[in-house]
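Coordinate inspection notes
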Amino acid sequence: MTNTRISDPELLEWRFPVKLIRFEVRKNSGGKGKWKGGDGVVREFLFLEDLEVNILSQHRVEEPYGLNGGKPGKRGRQYIVGKGPVHGSASVKKGDRIVIETPGGGGYGKP
């Protein structure tokens, strides 16, 4: 699954033992500017089997930069509900849920 090609939930659930239980815009994650940065998304998955999960992502440590005086967007993050952050890979159990919040884009121009 990638963020540039938004995977259809039906295909994701057909190919993998997961259920997508939340998919929404991550409101106010884009940086301020004359032109606001784009908002990221939030996805929450329920695992239907024990699995190994690998996440390849950017802007988890460094904020997405703004340009020409624009403010940075919010960093992305991912965590297992009730267990804490995921950095790169994790073992999950049936019934675990993971939340993935993608970063917002940096703003452009002075706010």
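Just so we're clear, the structure is a prediction, and the values are computed from it rather than from any experiment.

The side chains of a regular strand alternate, first on one face of the sheet and then on the other. On strand E4 (residues 77-80), burial follows the alternation: Gln78 and Ile80 on one face are buried, whereas Arg77 and Tyr79 on the facing-out side are not. Where E4 lies against strand E7 (residues 97-101), four bridges are found, and the strand directions are antiparallel. The partner of Tyr79 across the bridge, within E7, is Val99. In this sheet, strand E5 (residues 84-85) lies alongside E4 in antiparallel orientation, the contact comprising two bridges. By the bridge assignment for E5, Tyr79 is matched with Pro85. Linking E4 to E5, which pair antiparallel, is a turn of three residues; within it Gly82 sits at a positive phi near 80°.

Once that is clear, we can look at the pattern of salt bridges. Applying the stated criterion to the full structure yields eight salt bridges. Between Arg26 and Glu101 there is a salt bridge, with its nearest N and O atoms 3.6 Å apart. One end of the pair, Arg26, is in strand E1 (residues 18-26); the other, Glu101, is in strand E7, and 75 residues separate them in sequence. Per residue, the accessibility class of Arg26 equals that of Glu101, and both read buried. Asp50 serves as the salt-bridge partner of Lys93, at 4.0 Å between the closest nitrogen and oxygen. Taken as a pair, Lys93 in the loop between strand E6 (89-92) and E7 and Asp50 in the loop between strand E2 (40-47) and strand E3 (51-54) lie far apart in primary sequence, 43 residues in all. Taking relative accessible area as the criterion, Lys93 reaches 49% and is therefore assigned partly exposed.

Parameters at a glance
Residues numbered from 1 in each chain as written. Predicted model: local features only at pLDDT ≥ 70, side-chain atom pairs only at ≥ 80, totals over all residues. Heavy atoms only, no water. Buried < 20%, exposed > 50% of the residue type's maximum accessible area, 1.4 Å probe, protein only. Helix = DSSP H or I, 4+ residues; strand = E, 2+ residues; numbered from the N terminus. Pairing = 2+ DSSP bridges. Salt bridge = Lys/Arg side-chain N within 4 Å of Asp/Glu carboxyl O.

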